[in-house]
Amino acid sequence: DKAPLSKSLLLVPSAISILLTLLFQHYQKFFAYNLQAIKEDFQIWRLVCGRTICLDLKDTFCSSLLIYNFRIFERRYGSRKFSSFLLGAWTLSALFDLLLVEITQYMFGITINSLPSGFLGPVFALFVPFYSSIPRVQVTQVLGHFSITNKTLVYILGLQLLTSGSYIWILALSGLVSGICYNSSILKVHRILCVPSWVAKIFSWTLEPIFSSAEPTNEVRVGMGATVDIQRQQRMELLDRQIMMSQVAQMRRQRQQQGGMINWNRLFPPLRHRHNANYQDHRPSEQDTPPPTEVSEEQVARLMEMGFSRGDALEALRASNNDLNVATNFLLQH
């Protein structure tokens, strides 16, 4: 839900990888990440084909699970910003791949003619925001000393992917470096390597309806075994939303008791009853309308990138005193 790009990256490359492995093995040569052909024969198209589809099913499985876990960034940033990160990491990691291969050959005399194929550079790059922005919550302890957290399974998958090939450490290192460079506020790479708004609109009109999912109406039971961590993560996300909404309710009660400027009952009904045609008959009088709160245009733009309308974003930010997290959670819930 609310992660169509992650869903497309999970389904399309995995399906092509399985077809190439089982049915169309004679076409695998077109998706090989052959550095010698790129440098000597100038087959630049191999940078696209060789760095998109995995030819090893184990790499396909691990990278798909990682993309599934990293879908939280698309929900947090919006599809356009998330795709910009992937584009920037993919471009930078391609340059770092070639640079690291040349350094390895110069320092150790090892000639590397090919690297593992697949969308591995951006996947490793996503570990940078995962490490820095996702809170670490302890789940249990093993032998009383080793802590198991909500992030342990993701790190284990990354380690499994790292040990699946001979030279995959080059892709991992280039991905991590590209993620650091893209997230750096000093280099300003995110301002150069980004998806234009008109491209995002085209994909929003064409591909998003295909890969979008309906919002779940209730909590679905998840199986046992390896899915216990997924079930725990879903319940933690639900608990986080409940805590956020309780904070909103507490702010509302405090402002009503103190005679504050914001009346949540006045501001949020247009969001809760967007399709209620009778709402026009129950508008408050102009005498009860307080002066509008000044809203940051940058925060409005961030909410609009997530798919909300400008009017809803303005009202949510005004009601939350420009608290982006509160406004986002309220709009997602309503």
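This is a predicted model, so every value here is computed, not measured.

Trainee: Lay out the UniProt feature "transmembrane region" (unreviewed entry) in the chain in plain terms, naming residues and giving numbers.
Mentor: Following the UniProt record, one finds the feature "transmembrane region" (unreviewed entry) at residues 6-24, 85-108, 114-132 and 153-177. From the first C-alpha to the last, residues 85-108 spans 33 Å; its make-up is 100% helix and 0% strand. Secondary structure across residues 114-132 comprises 63% helix and 11% strand; the distance between its end C-alpha atoms is 32 Å.

Trainee: Account for the confidence of the model for the chain, naming residues and giving values.
Mentor: On average, residues of the chain carry a pLDDT of 78, and 74% of them reach 70 or more. Confidence scores differ between elements of the chain, with helix α15 (residues 264-267) showing the lowest mean pLDDT of 44 and helix α7 (residues 120-125) the highest of 94. Low pLDDT, under 50, characterises residues 219-226; the predicted model gives this stretch six contacts beyond four residues in sequence or across chains. Across residues 260-290, where pLDDT falls below 50, the model places 44 contacts with residues more than four positions away in sequence or in other chains.

Trainee: Describe the packing of helix α1 (residues 4-22) against helix α4 (residues 57-69), and please don't skip the residues or the numbers.
Mentor: Packing of α1 against α4 brings their axes to within 10 Å, and their N-to-C directions diverge by 170°. Judged by the inter-axis angle, α1 sits roughly antiparallel to α4. Only Leu57, Thr60, Ser64 and Ile67 of α4 make contact with α1, whose side of the interface consists of Ser6, Leu9, Leu10, Ser14, Ser17, Ile18 and Thr21. Taken together, the residues of the contact of α1 with α4 sort by class into five nonpolar, six polar and no charged.

Trainee: So what's going on with the packing of aromatic side chains? Residues and values would help.
Mentor: Going through the model one piece at a time under the given rule, you end up with 11 aromatic pairs. Ring geometry for Phe85 and Tyr182: centres 5.3 Å apart, planes at 85°, overall edge-to-face. Placement of the pair is Phe85 in helix α6 (residues 79-108) and Tyr182 in helix α10 (residues 168-183), with a sequence separation of 97 residues. Each of the two residues, Phe85 as well as Tyr182, counts as buried. Taken together through their ring pairs, the aromatic side chains of Phe70, Phe73, Tyr77, Phe124, Phe127, Phe130 and Tyr155 make up a single cluster. In this structure, Arg51 is placed above the aromatic ring of Trp90, and the distance from its NZ or CZ to the ring centre is 5.0 Å. Positioned above the aromatic ring of Phe130, the side-chain terminus of Lys151 is 5.0 Å from the ring centre.

Thresholds applied
- Residues numbered from 1 in each chain as written.
- Predicted model: local features only at pLDDT ≥ 70, side-chain atom pairs only at ≥ 80, totals over all residues.
- Heavy atoms only, no water.
- UniProt positions renumbered as here; feature names shortened; annotations may be inferred.
- Helix = DSSP H or I, 4+ residues; strand = E, 2+ residues; numbered from the N terminus.
- pLDDT = per-residue confidence, 0-100.
- Contact = heavy atoms within 4.5 Å.
- Axes fitted to C-alpha atoms, helices over the stretch in contact; angles between N-to-C directions.
- Parallel < 35°, antiparallel > 145°, perpendicular 65-115°, else oblique.
- Nonpolar A, V, L, I, M, F, W, Y, C, P; charged D, E, K, R; others polar.
- Phe/Tyr/Trp six-rings, centres within 6.5 Å; stacked < 30°, edge-to-face > 60°.
- Buried < 20%, exposed > 50% of the residue type's maximum accessible area, 1.4 Å probe, protein only.
- Lys NZ or Arg CZ within 6 Å of the ring centre and 35° of its normal.

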